[in-house]
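Below, each chain spelled out in residue letters.
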Amino acid sequence: MNNFDLAQRDLAVLWHPCTQMKDHEQYPVIPIKKGQGVWLEDYDGNRYLDAISSWWVNLFGHANPIINAAIKDQLDHIEHLIFAGFTHEAGIKLAEQLVAITPSGLNRCFYADNGSSAVEVALKMSFHYWRNIGQIQKTKFITLENSYHGETLGALAVGNVALYKATYAPLLMEVITVPGPDCYYRETGESWATYSERRFELMEQALQRHAGSVCAVIIEPLVQCAGNMRMYDAVYVKRLREACDKYHVHLIADEIAVGFGRTGSLFACEQAAISPDFMCLSKGLTGGYLPLSAVLTTDEIYQAFYQDYSTLNAFLHSHSYTGNALACRAALATIEIFQQNDILVKNQVLAKTMAAVAMRFHEHPQVAEVRQTGMILAIELVKNKQTREPYPWQQRRGLKVYQYALANGVLLRPLGNVIYFMPPYVITETELEWLAEVAWQGIKRAVED
Ligand code: PMP
């Protein structure tokens with residue numbers, strides 16, 4: 001078997017996610033034979049450094065021996081079973097762990113099987129909570145400009161990235177969209193904190209106006225990942241928590257992308273020292289091995305559903321693969337790695353190295369901003385550094401970086417004109433240096449004409 005043959009067979013029958021399939025007339029799809037650590041290897045023996053953690057899921061490398069062993073052991077016991085009326089040890093232990101490691105007050109864990117589904121669960125639970133306590137006028141959600149929460153219709157509705165959303169607008173519930181705290185737009189010399197705090201006034205106004213009809217505000221704390229890795233200060237999350245309490249509105253923290261150490265702390269909400277009413281987790285939850293998500297919530301919310309069956313107030317949401325035992329076991333192994341290896345401390349060093357290797361991009365004539373939050377670093381390419389005029393999207397400059405990087409052994413997948421590094425935590429200093437060099441050369445070629 002080789003790359004070409006497999007790619008041909010692939011394109012004859014497959015339809016890939018987030019892809020204009022016609023692009024593959026020009027760019028081959030790459031069949032991967034195996035993975036090891038930060039490396040992926042194709043059928044022709046080419047290796048690629050997985051600098052984006054395979055869509056932000058992988059934490060401790062491909063073929064991680066600890067996670068591999070845990071899944072193999074689980075296979076000999078139970079792979080999966082119905083999670084209604086039945087339970088299993090891995091699912092119980094994982095819920096205990098998640099309750100223990102997430103911010104205080106999040107004492108209940110509801111499983112789903114991907115990030116979008118977790119968002120759907122949180123939205124439905126919030127709405128249903130208010131209904132169960134008699135507040136039936138609460139039917140709306142507040143979301144931030146440039147947010148992203150997934151692709152299923154409810155999750156898409158509370159997102160705000162036009163590229164994914166605009167086509168489906170007629171199918172989506174209406175939401176209240178508030179201008180966001182994205183610090184790319186701060187004034188020269190203004191700190192992230194000042195700008196984020198200033199932008200919070202718009203949220204406060206929206207809450208003041210709409211709170212009576214609003215179930216929840218949903219945010220991606222600190223980094224709007226799919227929204228071009230735009231970042232903001234924790235003070236916004238802190239103010240939002242205070243305001244949600246004041247106006248009796250839930251706070252949903254979508255930590256699907258930013259959870260599990262990406263922002264430097266285990267969960268981004270910790271940096272604001274707050275507990276949300278719902279926390280959605282997925283991606284890194286299983287170390288990037290298996291699809292699983294969890295929605296953590298409070299006793300108060302749980303209790304509003306805990307009544308006699310005849311009230312018909314139960315949360316009757318389900319997915320066939322809820323609480324998949326193999327996935328739960330992978331997640332337990334992932335949490336164990338965090339706990340036994342001082343990962344967050346090691347990541348502080350790695351994050352500093354990331355900042356250092358990216359230093360030279362600040363001065364690049366086509367780079368408007370290099371920004372970083374913990375283990376996420378983004379480089380914003382622009383046509384004009386002074387005015388920040390972006391490159392027209394039709395020029396697909398990011399795609400040129402992608403192709404150059406692939407040809408040189410790095411998997412980068414820019415978001416439009418934003419090149420970012422979000423590597424597995426097992427990347428080495430040397431690999432980071434090399435990654436930056438490939439990105440530098442890729443950008444050089446992408447902005448040539
Ligand atoms: N929320 C956020 C913040 C995300 O980044 C993503 C995925 N990129 C999702 C939700 C959706 O998760 P999934 O792709 O597993 O449905």
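Here, every reference points to the structure presented above.
All residue numbers refer to position in the chain's written sequence, counted from 1. Selection of residues for local features in this predicted model requires a pLDDT of at least 70, selection of side-chain atom pairs for listing and counting requires 80 or more, and totals for whole chains, interfaces and linings are taken over all residues. Computation of side-chain values: all heavy atoms of the structure, hydrogens and water removed.

A look at unusual backbone geometry
Applied cut-off: We count a stretch as a helix when DSSP gives it H or I for four or more residues in a row; a strand needs E for two or more, and each element gets its number in order from the N terminus.
Backbone geometry at Phe 260 places phi at a positive 55°, although glycine is not the residue there. Inspection of the secondary structure puts Phe 260 in the loop between strand E10 (250–254) and strand E11 (278–281). In this structure, Lys 283 is a non-glycine residue whose phi angle is positive, near 40°. Residue position: Lys 283 is located in the loop between E11 and strand E12 (293–298).

So, the pairing of strand E7 (residues 214–219)
Rules: The classification of residues rests on relative accessible area computed with a 1.4 Å probe and restricted to protein chains. Under 20% of the type maximum is buried, over 50% is exposed, and intermediate values are partly exposed. Think of it this way: DSSP has to see at least two bridges between two strands before they count as a pair.
In terms of residue burial, E7 counts as a mostly covered element, since six of its six residues are buried. Sheet analysis places E7 next to E10, joined by four bridges and oriented parallel. In the strand pairing of E10, Ala 216 is matched with His 250.

Concerning the sheet that holds strand E14 (residues 376–381)
For the record, the criterion: Only the stretch in contact is used when a helix axis is fitted, and all axes are lines through C-alpha atoms; the angle between N-to-C directions ranges over 0 to 180 degrees.
Spatially, the three strands line up as an open sheet ordered E13-E14-E16, and their pairing is antiparallel. The strands lining the two open edges of the sheet, one partner per strand, are strand E13 (367–373) and strand E16 (418–421). Averaged over all neighbouring strand pairs, the angle between strand axes comes to 15°, with direction disregarded.

Some details on the site of the ligand
Going by this rule: We call a residue near a given molecule or strand whenever any one of its heavy atoms falls within 4 Å of it. Two N or O atoms form a polar contact when they lie within 3.5 Å of each other; inside protein one atom must be a possible hydrogen donor and the other a possible acceptor, and for residues adjacent in sequence the pair counts only when both atoms belong to side chains. Each accessible area is a Shrake-Rupley result for a 1.4 Å probe, and residues are judged covered by the shown protein chains and nothing else. Each residue gets one label: Ala, Val, Leu, Ile, Met, Phe, Trp, Tyr, Cys and Pro are nonpolar, Asp, Glu, Lys and Arg are charged, and the others, such as Gly, are polar.
In the vicinity of the ligand, the residues found are Trp 56, Asn 114, Gly 115, Ser 116, Tyr 148, His 149, Gly 150, Glu 220, Asp 254, Ile 256, Ala 257 and Lys 283. Gly 115 has a polar backbone atom sitting 2.8 Å from an oxygen atom of the ligand. Within the side chain of Asp 254, an N or O atom sits 2.6 Å from a nitrogen atom of the ligand. Within the complex, 82% of the 400 Å² of free accessible area of the ligand lies under protein. Among the residues forming the shell around the ligand, the class breakdown is four nonpolar, five polar and three charged.

Details of the sheet that holds strand E2 (residues 39–42)
Across the sheet, which stays open at both edges, the four strands sit in the order E1-E2-E3-E15 with mixed pairing between neighbours. Across the chains shown, the open sheet's two edge strands, defined by having one partner strand only, are strand E1 (32–36) and strand E15 (410–411). In this structure, E1 lies alongside E2, joined through four bridges in antiparallel fashion. Each residue of the ladder has a partner; that of Gly 35, found in E2, is Leu 40.

Brief notes about the packing of aromatic side chains
For clarity, the cut-off: Only rings of Phe, Tyr and Trp enter the pairing, Trp through its six-membered ring, and a pair is recorded when the two centres are within 6.5 Å. The plane angle decides the type: under 30 degrees is stacked, over 60 is edge-to-face, the rest tilted.
The full count for this structure, using the stated rule, is 17 aromatic pairs. Each ring, one from Trp 56 and one from Tyr 420, has its centre 6.2 Å from the other, and the planes form 80°; the classification is edge-to-face. Taken together, the residues span a long stretch of sequence, with Trp 56 in helix H2 (residues 53–56) and Tyr 420 in strand E16 at a distance of 364 residues. Take Trp 56 and Tyr 420: they sit in the same class, and that class is buried. When the centroid spacing of 6.0 Å and the interplanar angle of 80° are considered together, the rings of Phe 305 and Phe 315 count as edge-to-face. Placement of Phe 305 in the loop between helix H10 (299–303) and helix H11 (325–340) and of Phe 315 in the loop between H10 and H11 is noted, with a sequence separation of ten residues between them. The two residues Phe 305 and Phe 315 agree in class, both being buried. Members of the aromatic cluster, connected to one another through ring pairs, are Phe 60, Phe 260, Phe 267, Phe 338 and Tyr 425.

A closer look at the pairing of E14
Burial within E14 is extensive, with six of its six residues counted as buried. Here E14 shows a buried face lined by Ile 376, Ala 378 and Glu 380 and a second buried face lined by Leu 377, Ile 379 and Leu 381. Bridging between E13 and E14 involves six bridges; their strand directions are antiparallel. Across the sheet, the residue bridging to Arg 371 is Ala 378, located in E14. Hairpin connection from E13 to E14: two residues lie between these consecutive antiparallel strands, with Gly 374 at a positive phi of about 55°. Bridge count for E14 against E16 is four bridges, and the pairing is antiparallel.

All quantities given are derived from atomic positions and should not be read as evidence of function.
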